[in-house]
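A look at the structure
Chain by chain, the residues:
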Amino acid sequence: MKKFALITGASRGIGLGVAHYFASKGYHLALIARNLTKLEKVKSEILEQYNDIEVSTHGIDLSDPGDTYQK
């Protein structure tokens, strides 16, 4: 069974650390942050380091109820 983790604030700080932790444990990741450009960089770094997982990125500001999904 595949394991997944949804991580908010994944482009920096604690969220970034949590993303690396779950990636190191073999979890597939769904990363959310406001800055999609930074998030894509994080995705590249994680995939370089942990190559047996899948990572999706979602640029969303969860503090804004009107924000929409950016791909």
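Let us look at the structure shown here. Because the structure is a prediction, the values reported are computed rather than measured.

Some points on the packing of aromatic side chains
Under the criterion given, the structure shown has two aromatic pairs. Pairing Tyr21 with Phe22 gives two aromatic rings, centres 5.4 Å apart and planes at 85°, and the pair type is edge-to-face. Using a relative accessible area of 24% as the deciding quantity, one classes Phe22 as partly exposed. On the numbers, 4.9 Å between centres and 80° between planes, the contact of Phe22 with Tyr27 is edge-to-face. Tyr27 gets classed as partly exposed once you look at its relative accessible area, which sits at 23%. Here the aromatic cluster, defined as three or more aromatic residues joined through ring pairs, consists of Tyr21, Phe22 and Tyr27.

A short note on the packing of helix H1 (residues 13-24) against helix H2 (residues 36-49)
Interaxial distance between H1 and H2 falls to 10 Å at its minimum, and their mutual angle equals 25°. Judged on the interaxial angle alone, H2 and H1 are roughly parallel. Read as a crossing pair, H1 and H2 show a hand that is right-handed. Contacts between H1 and H2 involve Leu16, Ala19, His20 and Ala23 on the former and, on the latter, Val42, Ile46 and Gln49. Of the residues that constitute the contact of H1 with H2, the class distribution is five nonpolar, two polar and no charged.

Conventions used here
- Residues numbered from 1 in each chain as written.
- Predicted model: local features only at pLDDT ≥ 70, side-chain atom pairs only at ≥ 80, totals over all residues.
- Heavy atoms only, no water.
- Phe/Tyr/Trp six-rings, centres within 6.5 Å; stacked < 30°, edge-to-face > 60°.
- Buried < 20%, exposed > 50% of the residue type's maximum accessible area, 1.4 Å probe, protein only.
- Axes fitted to C-alpha atoms, helices over the stretch in contact; angles between N-to-C directions.
- Helix = DSSP H or I, 4+ residues; strand = E, 2+ residues; numbered from the N terminus.
- Parallel < 35°, antiparallel > 145°, perpendicular 65-115°, else oblique.
- Left-handed = near helix turned anticlockwise from the far one by under 90°.
- Contact = heavy atoms within 4.5 Å.
- Nonpolar A, V, L, I, M, F, W, Y, C, P; charged D, E, K, R; others polar.

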